[in-house]
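Given next are the chains, with one letter for each unit.
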Amino acid sequence: MYSNGMQKKTIVIIGAGVAGLSAGIYAEQHGLHAILLEKNPSVGGMCTGWYRKGYYLDGCIHWLTGTKEGTLLHRMWKNLGAIDKQEDIMYLDSWGTYEYQGQKVTMWRDLDRAEREWKELSPVDSKMIHKFFNMVRDFAKVELPLDLPIPMMSLPRLLKLGLNVLSVWPSYLLSMRISCEQFAAKFKNPAIRFALTKCQVGDGNLFSMIYSYSTVVIGDGGVPRGGSKPMVERMKDKFIALGGTLKLNANVESVIIRDDAARGVKLNNGQVIEGDAVVSCLDTNYTLKKLLRDQYRFPAFERRFKKPELHTSPSCVYLCFSVKNDKNLPVPYSFDVEPFDVGGISINHLTIRSYSYDDTFTRNDRTVLTVLIDQSNKEYPFWKRLSKDRSQYLKYKNFVAEQVMNRIKEHLPSMDDIELLDVSTPYTFNHYVNSSNGVYMSFTFTPWASMFAHSGKLKGLKDFYLSGQWLQGPGGLPIAMTQGKFAIQRICKKEKLSFVFEPLRKSKKA
Ligand SMILES: Cc1cc2nc3c(=O)[nH]c(=O)nc-3n(C[C@H](O)[C@H](O)[C@H](O)COP(=O)(O)OP(=O)(O)OC[C@H]3O[C@@H](n4cnc5c(N)ncnc54)[C@H](O)[C@@H]3O)c2cc1C
């Protein structure tokens, strides 16, 4: 209830992934009441973890952008309860070690050390190595403008942003229109070429690779202790403590529309949940096709979505194992292997990630080790077909696991007692969170596909807001979180409720 006696507006939020949790918390902090609906029995969506054979497995965070104190993103994660104590953020020494035919290259967080080692390994590449590390240093200076949607930014804020981008403009231009493969081809040393092409999943351009590396370098890409699940549980607790209503096992079937405005949702058990506005924080294609019955168009999104060959989004086969805990193993660690086929793609390297850095994942003398094998929206038809025959699907998962285990044992004979714990596929992601093509992030930045951000409003439908990682490439946790916030900022603007960036105090109108 507002001080003027008016009832708080109720916002129905579909999907309790990171975007939905963020929207829910920001709504409650700004004089709105949020009802958060989640189809699964727990929150988090793709940001999750689970148990197998007594081991705790993490299904998401390899690095979380926004772990550096003082950054905009860090303040937001703190506000949401996602980051609790700074001592609980762990920083790995490197962004990975890459071994090709016996030669090792490490992307150390210490850039001077990395540059020195790379030059020692390949003096002939010195000039290009220097160029590469200078670009990483450049991007380390840029902070993503995720506090406000760009159209809502003040002129001074926009000018500051422009100057920030201008200061790294040459590096930006150089890296946007080139793929990692094209850039790597400029180096003579094969291990450096291997590192530059394998350090990032999918078809991402040089910009997205360097940007990710730079966040890790400046300490803005750490991992919260315990990983993904405890982080979303903290967000859930914050949401509930603020007065939000959470309904689990609430599978939304459709959006209720009256007089061209969204007025609530209907669940698949027939229950109706009324509200003054609806925010959809799940897969955009699923929202348009299923929840809105294909009645509204979103051309900027659909153009991309219908052309997977041009607009790729990453997916994977995600394998979890237990192995003897070896603290000397680099994390993560990539090496070339005898090629094998997964979903029609020839896999010629493995990146293994041992969780030895966090004792949440260890049991006695063993720890969890994961392998993420690249797939994308392009391979989804294969997985969809395969999933129709359960026994073939399970057989294929075991086949992939066998191929991977054999290659790990071949490369690292000390891992001869590696044990399979679990295998997730693009079909798992589709099934679990309704991700249309089984992908786990939005559209990748490629040399041929530009950046994309959308307001989340659909023509002809009032009080309905799209949100989640699909509204801004390339997706991921920071984008999901900020898009959840942006939806509430847009609602506050419409309802004339003031939005305070860090809601230490309540909205003036509440
Ligand atoms: C293996 C893996 C590794 C990753 N690593 C990283 C990483 O290191 N760093 C990073 O930033 N990101 C990473 N990601 C990506 C990250 O997990 C996603 O970008 C992010 O979680 C997306 O959040 P979201 O809220 O937009 O969507 P989602 O997580 O998909 O949330 C949507 C929610 O809506 C629910 N839902 C769907 N349909 C309905 C319905 N009809 N009714 C009710 N609820 C519904 C779903 O169950 C889900 O909870 C990784 C993902 C995977 C799978």
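Residues numbered from 1 in each chain as written. Predicted model: local features only at pLDDT ≥ 70, side-chain atom pairs only at ≥ 80, totals over all residues. Heavy atoms only, no water.

Novice: A description of the overall build of the protein should follow, citing residues and the corresponding values.
Specialist: Within the protein, the regular secondary structure consists of 16 helices and 21 strands. Relative to the globule expectation of 24 Å for 510 residues, the C-alpha radius of gyration of the protein, 23 Å, shows essentially globular dimensions. Expressed along its principal axes, the backbone C-alpha trace of the protein runs to roughly 70 × 55 × 45 Å. Counting the 510 residues in the protein, one finds 59% classified as buried. In the protein, of all internal contacts separated by at least 6 residues, the share reaching a separation of at least 24 is 71%. Carbon and sulfur atoms make up 53% of the accessible area of the protein, which amounts to about 21,400 Å² in all. The protein carries 68 positive and 51 negative side-chain charges, and their two centres are separated by 7 Å. (Helix = DSSP H or I, 4+ residues; strand = E, 2+ residues; numbered from the N terminus. Rg over C-alpha atoms; globule rule 2.2 N^0.38 Å. Buried < 20%, exposed > 50% of the residue type's maximum accessible area, 1.4 Å probe, protein only. Contact = heavy atoms within 4.5 Å. Areas by Shrake-Rupley, 256 points an atom, 1.4 Å probe, with all protein chains shown as cover. Lys, Arg positive; Asp, Glu negative; His and termini not counted. Charge placed at Lys NZ, Arg CZ, Asp CG, Glu CD.)

Novice: Explain a nonpolar patch on the surface to me, and be specific about the residues and the numbers.
Specialist: On the surface, Ile-150, Leu-155, Leu-158 and Leu-159 cluster together into a nonpolar patch covering about 390 Å² of accessible area. Positionally, Leu-158 belongs in helix H5 (residues 155-166). (Patch = residues over 30% accessible without salt bridge, like charges linked within 9 Å, V, L, I, M, F, W, Y side chains within 5 Å. Salt bridge = Lys/Arg side-chain N within 4 Å of Asp/Glu carboxyl O.)

Novice: Outline the site of the ligand, listing residues and values.
Specialist: Around the ligand, the surrounding shell holds 37 residues, and the nearest of these are Glu-38, Met-46, His-62, Gln-469 and Leu-477. Contact distances for the ligand include 2.9 Å between a nitrogen atom and a backbone N or O atom of Cys-60. In this structure, Val-252 approaches the ligand through a main-chain N or O atom, which is 2.9 Å from a nitrogen atom. Here the ligand loses 96% of its free accessible area of 1,000 Å² to cover by the protein chains. Split by residue class, the shell around the ligand holds 23 nonpolar, 12 polar and two charged. The two domains that each donate at least three residues to the shell around the ligand are domain 1 (9-65 + 227-308 + 446-495) and domain 3 (314-433). (Near = heavy atom within 4 Å. Polar contact = N/O pair within 3.5 Å; in protein donor to acceptor, adjacent residues only side chain to side chain. Nonpolar A, V, L, I, M, F, W, Y, C, P; charged D, E, K, R; others polar. Domains from an automatic or database assignment.)

Novice: Describe in detail the sheet that holds strand S21 (residues 464-466), supporting the description with residues and values.
Specialist: With parallel pairing, five strands are arranged side by side in an open sheet as S10-S2-S1-S14-S21. Because the sheet does not close on itself, it has two edges, and the strands there are strand S10 (245-247) and S21. With direction set aside, neighbouring strand axes in the sheet form an average angle of 20 degrees. Of the pairings in the sheet, the one linking strand S2 (residues 32-37) to S10 comprises three bridges and is parallel in character. Paired with Ile-35 across the bridge in S10 is Thr-245. On top of the sheet, helix H16 (residues 477-495) reaches strand S1 (9-14), S2, strand S14 (277-280) and S21; it is set at about 155 degrees to S21, its chief contact. (Pairing = 2+ DSSP bridges. Axes fitted to C-alpha atoms, helices over the stretch in contact; angles between N-to-C directions.)

Novice: Describe the pairing of strand S3 (residues 49-52), naming the residues involved and giving the relevant values.
Specialist: Examined bridge by bridge, S3 and strand S4 (residues 55-58) share four bridges and lie antiparallel to one another. Paired with Gly-49 across the bridge in S4 is Asp-58. Linking S3 back to S4 in an antiparallel pair, the connection comprises two residues, with Lys-53 at a positive phi of about 50 degrees.

Novice: Break down helix H13 (residues 380-387) for me, citing the residues and quoting the values.
Specialist: Along H13, the positions that sit buried rather than exposed are Tyr-380, Trp-383, Leu-386 and Ser-387. With its buried residues spanning 125 degrees around the axis, H13 presents them on a single face. Those residues of H13 hidden inside the fold are in contact with strand S15 (314-324), strand S16 (333-342), strand S19 (366-376), helix H14 (390-411) and helix H15 (426-433). (Arc of directions from axis to C-beta.)

Novice: Tell me what's going on with the layout of surface pockets, and back it up with residues and numbers.
Specialist: It is the rolling of a water-molecule-sized probe over the atoms that shows where space remains empty. Taken as a whole, the second largest pocket spans an internal volume of roughly 240 Å³. For the lining of the second largest pocket, the secondary-structure elements that each account for two or more residues are strand S7 (94-100) and strand S8 (103-108). Broken down by class, the residue content of the lining of the second largest pocket amounts to seven nonpolar, four polar and two charged. When we break the lining of the second largest pocket down by domain, the ones giving at least three residues each are domain 2 (92-218) and domain 3 (314-433). (1 Å grid on protein atoms, 1.4 Å probe; cavity = no way out; pocket = protein on both sides within 12 Å on 5 of 7 lines; lining within 4 Å. Points joined across faces, edges and corners; volume = space filled by probe spheres on them.)

Novice: Any chance you could break down the confidence of the model for the protein for me, citing the residues and the numbers?
Specialist: Averaged over all residues, the pLDDT of the protein is 93; the fraction at 70 or higher stands at 97%. For the stretch residues 504-510, pLDDT sits under 50, and the model shows 12 contacts to residues farther than four places along the chain or on other chains. (pLDDT = per-residue confidence, 0-100.)

Novice: An account of the sheet that holds strand S13 (residues 272-274) is needed here, citing residue identities and associated values.
Specialist: Within a sheet, each strand pairs with its neighbour through backbone hydrogen bonds, oriented either parallel or antiparallel. An order of S11-S12-S13 is seen for the three strands of this open sheet, with the pairing classed as antiparallel. Strand pairing shows two members of the sheet lacking a second neighbour, strand S11 (252-258) and S13, which therefore form its edges. Averaged over all adjacent pairs, the angle separating strand axes in this sheet is 30 degrees, with direction ignored.

Novice: Give a detailed account of the side chain of Glu-38, specifying residues and quantitative values.
Specialist: Structurally, the position occupied by Glu-38 is in the loop between S2 and S3. The charged side chain of Glu-38 is buried without a salt bridge, its nearest counter-charge being Lys-39 at 5.8 Å. There is a polar contact of 2.8 Å between the side chain of Glu-38 and the backbone nitrogen of Ala-16.

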